[in-house]
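Chain by chain, the residues:
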Amino acid sequence: MLHLHHSWTPNIDRLAEDGVKLTQHISAASLCTPSRAAFLTGRYPVRSGMVSSIGYRVLQWTGASGGLPTNETTFAKILKEKGYATGLIGKWHLGLNCESASDHCHHPLHHGFDHFYGMPFSLMGDCAHWELSEKRVNLEQKLNFLFQVLALVALTLVAGKLTHLIPVSWTPVIWSALWAVLLLAGSYFVGALIVHADCLLMRNHTITEQPMRFQKTTPLILREVASFLKRNKHGPFLLFVSFLHVHIPLITMETFLGKSLHGLYGDNVEEMDWMILDTLDMEGLTNSTLIYFTSDHGGSLENQLGRTQYGGWNGIYKGGKGMGGWEGGIRVPGIFRWPGVLPAGQVIGEPTSLMDVFPTVVQLAGGEVPQDRVIDGQDLLPLLLGTAQHSDHEFLMHYCEGFLHAARWHQRDKGTTWKVHFVTPVFQPEGAGACYGRKVCPCFGEKVLHHDPPLLFDLSRDPSETHVLTPASEPVFYQVMERVQRAVREHQRTLSPVPLQLDRLGNIWRPWLQPCCGPFPLCWCLREDGPQ
């Protein structure tokens, strides 16, 4: 969630003033890969298999085989069939290849987009060799440890050979020494290899920059947005601008550095705000375009160095990115603006979901919501127009990987939203609001608590989830628990087993799946010159 107080965000403020604000807008997951899968398909990520059961929370490599399955239907695919020009500019992070480095089975162009420009993977701290590292530091430590073990083995064998204490030939000595040297070289070069493997830009099926030149990235994205709108403004279009912003390493142009009162994160938010509306205004599209603005999850509290916060802040809401149930990880901004159609300045506090975008835009485009699968999203248009008073979501489930951590019940007749937590992460250190010392809180194992009875909160009165209700303090405690647990059982009956795309086999680096614009491993190219 973006903290906008005291930051200069005139465009986001304008969107909110001219549009409809959703103040209980919920993502289907608290991390990017599963949340984006749910957004595009209108389905909980557990239905498409875009989850893990072993702690691999998101896709880990561009060269992994996991990704949004080809049998899933995105709203882009349906809109394309209805004659819309469909584009995705920015971050994808839903997979690329299945069996070869060029099959592009998970590529945006195989999921309904007819134009793609951006990162097939995700911007990471490792792209800029940051101290806040997703995998480089861990890999360096593992390779260093293995080097030390093999170097010790080699030295022991040499000493044993020279003193005649170990009757051994020179062959194992040479092999262990060679492997030690290779591991040492690996630990030295692994950072550069990650940058070349994951930090690249593509136009449709072609790599244009590998690795990326970050000071050019924002101007390139803006140029691409302008080009798409110019080409398609005379017909119906769908453009998904998936910003690389508000995510470490917070790549920000020099123009915006030091401008915000909130450090580098604030600078990055202000740059993103600057990118939002000008192109639409210049092309005369402002009054005829439905704009939707959101985030795929809450701010990352663990992205902290010293006293400096690089992952955002979630206001009054507890927890953050990676936490399956707490509001801070899943309650996100939601703004819809459509001048002349949606009432300006309206605020809706009913529970809504990112998954609702699927049925909403499909029906607006004159398409049909698929009948051959469960769609968890609900059409938002009646709520946005003010013709309906209540959200169609009576219940929303809150998953952490494939594990159900919490559920909310919108008891419409009482105007109450109840939240039940079955599992919560153990904060570290005790009493902190996050799992400091880890990248994200875990979903299972020793570092989570299973609650019996579950924790109950009344979000209508306690949005910060600070007052746990008990049978003694809440007269309808048992009725609420029984109703929510019945809804959970009904929901679970609608689930079918599917291959988990983010488990180990689909989520390890495979050299033969690595996109490379030169002979592997010489992955380097600059095929397009960016704006000056």
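What you are looking at is a predicted structure, and each value in this text was computed from that prediction instead of being measured.

Concerning the overall build of the chain
Right, on to step 1. When helices and strands are tallied, the chain shows 13 helices and 19 strands.
Right, on to step 2. Seen along its three principal axes, the alpha-carbon backbone of the chain occupies a region of about 90 × 60 × 50 Å.
Right, on to step 3. In the chain, which comprises 532 residues, the proportion classed as buried is 57%.
Right, on to step 4. Across the chain, the fraction of contacts at a sequence separation of at least 24, relative to all contacts at a separation of at least 6, is 72%.

Observations concerning the pattern of salt bridges
Right, on to step 1. A complete count under the given rule lists 21 salt bridges for this structure.
Right, on to step 2. The residue K230 makes a salt bridge to E283 at a minimum N-O spacing of 2.9 Å. In this pair, K230 is assigned in helix α7 (residues 214-232) and E283 in the loop between α9 (278-282) and β8 (291-294), connecting sequence segments 53 residues apart.
Right, on to step 3. For K230, a relative accessible area of 51% corresponds to the exposed category.
Right, on to step 4. A salt bridge links E283 to K233, with the nearest nitrogen and oxygen atoms 2.8 Å apart. Of this pair, E283 sits in the loop between α9 and β8 while K233 sits in the loop between α7 and β7 (237-242), placing them 50 residues apart in sequence.
Right, on to step 5. The class for E283 is buried, based on a relative accessible area of 12%.
Right, on to step 6. Residue class for K233 comes out partly exposed when judged on its relative accessible area of 28%.
Right, on to step 7. Sharing partners across several salt bridges, the network here consists of E327, R331, R408, K419 and E465.

Focus: the side chain of E302
Right, on to step 1. Considering the arrangement of structural elements, one finds E302 in the loop between β8 and β9 (304-305).
Right, on to step 2. For E302, the side chain forms a polar contact with the main-chain nitrogen of C435, separated by 2.9 Å.
Right, on to step 3. If we ignore the near neighbours within four places in the chain, the residues touching E302 are K321, M323, A434, C435, Y436, R438, K439, V440 and C441.

Comments concerning the packing of helix α5 (residues 136-162) against helix α6 (residues 170-198)
Right, on to step 1. It is the contact of α5 with α6, at a shortest axis distance of 8 Å, that shows an interaxial angle of 160°. The orientation of α5 relative to α6 falls into the category roughly antiparallel. Considering only the axes of α5 and α6, their crossing is left-handed.
Right, on to step 2. The class makeup of the residues in the contact of α5 with α6 is 21 nonpolar, 5 polar and 3 charged.

Remarks on the UniProt feature "domain: Sulfatase N-terminal" (unreviewed entry) in the chain
Right, on to step 1. Look at the UniProt record and you will see "domain: Sulfatase N-terminal" (unreviewed entry) annotated at residues 9-366.
Right, on to step 2. Secondary structure across residues 9-366 divides into 38% helix and 14% strand, with the first and last C-alpha atoms of the span separated by 34 Å.

Considerations on empty space enclosed by the protein
Right, on to step 1. Under the criterion given, the structure shown has 3 cavities of 30 Å³ or more.
Right, on to step 2. If you add up the space inside the largest cavity, you get close to 140 Å³.
Right, on to step 3. Along its surface, the largest cavity is lined by 16 residues, and L123, T217, T218, L244 and H245 are the ones closest to its centre.
Right, on to step 4. Residue assignment for the lining of the largest cavity shows that the elements contributing at least two residues are β3 (85-91), α7, β7 and α8 (263-275).

Analysis parameters
- Residues numbered from 1 in each chain as written.
- Predicted model: local features only at pLDDT ≥ 70, side-chain atom pairs only at ≥ 80, totals over all residues.
- Heavy atoms only, no water.
- Helix = DSSP H or I, 4+ residues; strand = E, 2+ residues; numbered from the N terminus.
- Buried < 20%, exposed > 50% of the residue type's maximum accessible area, 1.4 Å probe, protein only.
- Contact = heavy atoms within 4.5 Å.
- Salt bridge = Lys/Arg side-chain N within 4 Å of Asp/Glu carboxyl O.
- Polar contact = N/O pair within 3.5 Å; in protein donor to acceptor, adjacent residues only side chain to side chain.
- Axes fitted to C-alpha atoms, helices over the stretch in contact; angles between N-to-C directions.
- Parallel < 35°, antiparallel > 145°, perpendicular 65-115°, else oblique.
- Left-handed = near helix turned anticlockwise from the far one by under 90°.
- Nonpolar A, V, L, I, M, F, W, Y, C, P; charged D, E, K, R; others polar.
- UniProt positions renumbered as here; feature names shortened; annotations may be inferred.
- 1 Å grid on protein atoms, 1.4 Å probe; cavity = no way out; pocket = protein on both sides within 12 Å on 5 of 7 lines; lining within 4 Å.
- Points joined across faces, edges and corners; volume = space filled by probe spheres on them.

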